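Residue-level structure breakdown
In case you want the letters, here they are:
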Amino acid sequence: MKKSVAILAGSAMLAWVACVWAGEKVAMPKGYERWEKSSEKIVNDKNSLFYGIHYIFVDAKALKTYRSGGKYPEGSRFVVEFYDIRDEGDKPAKGKKNMVVLMKKEKKQTATGGWLFAGYSADGKPSGVDPVKNCFECHLKEAKDRDLVISRYENFKK
Ligand code: HEC
């Protein structure tokens, strides 16, 4: 009993330190690789921000609304992993991972439509993007009527 209390106190302390140290930055969700995963999405247009190969991951909370439409419940999460395209003759192949992004439904994020937007480097470090200018504005423009979620379930496995 005593031991578990000590462990609890220890991990709370660690969480607090990590929180203060990282400021507003949010850790990448653990285990997102096991969420529902999209098929491989290839964007061949070099002028596109999305040039490369990406995969969308949806957690169980978000999945229901992703299917049916409507407002997402608090805590819903989406992650996208981005990879370079490696030139291998005729077929584009997956290169190095270059970025990961997260959207998490949080009521308190009033400046960004009730979603937390965060970006990470390939090794999971917060990249310190401006969530309003670098994320929200585009998501608002593209998906105002879909609670800011741009991709569609119909295309998820296509
Ligand atoms: C120029 C427009 C644009 C900007 C800027 C942008 N996104 Fe997106 N985002 C998209 C598009 C388009 C998709 C859908 C991709 C698909 O369908 O495969 C998307 C999808 C996503 C998804 C999956 C859920 C969804 O909406 O489909 C997440 C999570 C995400 N973006 C997070 C971010 C974060 C975090 C930032 C800022 C670092 C950001 N995005 C900046 C256009 C943008």
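For the structure, check the block above.
An account of the accompanying structure is given in this report. (Residues numbered from 1 in each chain as written. Predicted model: local features only at pLDDT ≥ 70, side-chain atom pairs only at ≥ 80, totals over all residues.)

**Quick word on the overall build of the protein chain**
- Across its full length, the protein chain holds four helices and six strands.
- Ordered by position in the sequence, the α and β elements of the protein chain form the string α-β-β-β-α-β-β-β-α-α.
- Across the 158 residues of the protein chain, 19% fall into the buried class.
- Taking as baseline every contact in the protein chain between residues at least 6 positions apart, the subset at least 24 positions apart corresponds to 40%. (Helix = DSSP H or I, 4+ residues; strand = E, 2+ residues; numbered from the N terminus. Buried ≥ 20, exposed ≤ 12 C-beta atoms within 10 Å, placed from the backbone. Contact = placed C-beta atoms within 7 Å.)

**Quick look at the pairing of strand β5 (residues 91-105)**
- Sheet topology note: the strand β4 (residues 77-88)/β5 ladder contains eleven bridges and is antiparallel. The partner of phenylalanine 82 across the bridge, within β5, is methionine 99.
- Between β4 and β5, which pair antiparallel one after the other, the connecting turn spans two residues, and glycine 89 there sits at a positive phi close to 70 degrees.
- Where β5 meets strand β6 (residues 115-120), six bridges bridge the pair, whose relative direction is antiparallel. Of the residues in β6, the one forming a bridge with lysine 104 is leucine 116. (Pairing = 2+ DSSP bridges.)

**A word on the site of the ligand**
- In the neighbourhood of the ligand, 20 residues make up the surrounding shell, with Val101, Met103, Cys135, Cys138 and Ser151 lying closest.
- Per-element accounting of the shell around the ligand gives the leading share, five residues, to helix α3 (residues 132-143).
- Grouping the amino acids of the shell around the ligand by side-chain chemistry returns 14 nonpolar, four polar and two charged. (Near = placed C-beta within 6 Å. Nonpolar A, V, L, I, M, F, W, Y, C, P; charged D, E, K, R; others polar.)

**Considering the nonpolar core**
- If you look at the biggest cluster of nonpolar residues, it comprises 19 residues, and the most contacted ones within it are Val58 and Phe78.
- Those elements that provide at least two residues to this core are β3 (52-58), α2 (60-68), β4, β5 and β6. (Core = buried A, V, L, I, M, F, W, Y, C linked by C-beta atoms within 7 Å.)

**Considering unusual backbone geometry**
- Not every positive phi belongs to a glycine, and aspartate 147 is a case in point at roughly 55 degrees.
- You can see aspartate 147 is positioned in the loop between α3 and α4 (153-156).
- For aspartate 147, a count of 19 C-beta atoms within 10 Å puts it in the partly exposed group.
- Even without glycine at this site, leucine 148 takes up a positive phi of about 75 degrees.

**Things to note about the environment of lysine 25**
- Within the secondary structure layout, lysine 25 lies in the loop between α1 (2-22) and β1 (36-37).
- As for lysine 25 and alanine 118, which are separated by 93 residues in sequence, their C-alpha atoms are 7.8 Å apart.
- With sequence-adjacent residues up to four places away left out, lysine 25 is seen in contact with Pro126 and Gly128.

**A closer look at the environment of lysine 37**
- Here lysine 37 is to be found in strand β1.
- Between the alpha carbons of lysine 37 and lysine 157 there is a distance of 8.1 Å; along the sequence they are 120 residues apart.
- Aside from chain neighbours lying at most four places away, what touches lysine 37 is Tyr55 and Phe57.

**Re the environment of alanine 118**
- Inspection of the secondary structure assignment puts alanine 118 in strand β6.
- Of the residues examined, alanine 118 has 23 C-beta atoms within 10 Å and is grouped as buried.
- On a C-alpha basis, the gap between alanine 118 and valine 79 in space is 9.6 Å, while along the polypeptide they are 39 residues apart.
- Beyond its immediate chain neighbours, meaning those up to four positions away, alanine 118 contacts Val26, Val101, Leu102 and Pro126.

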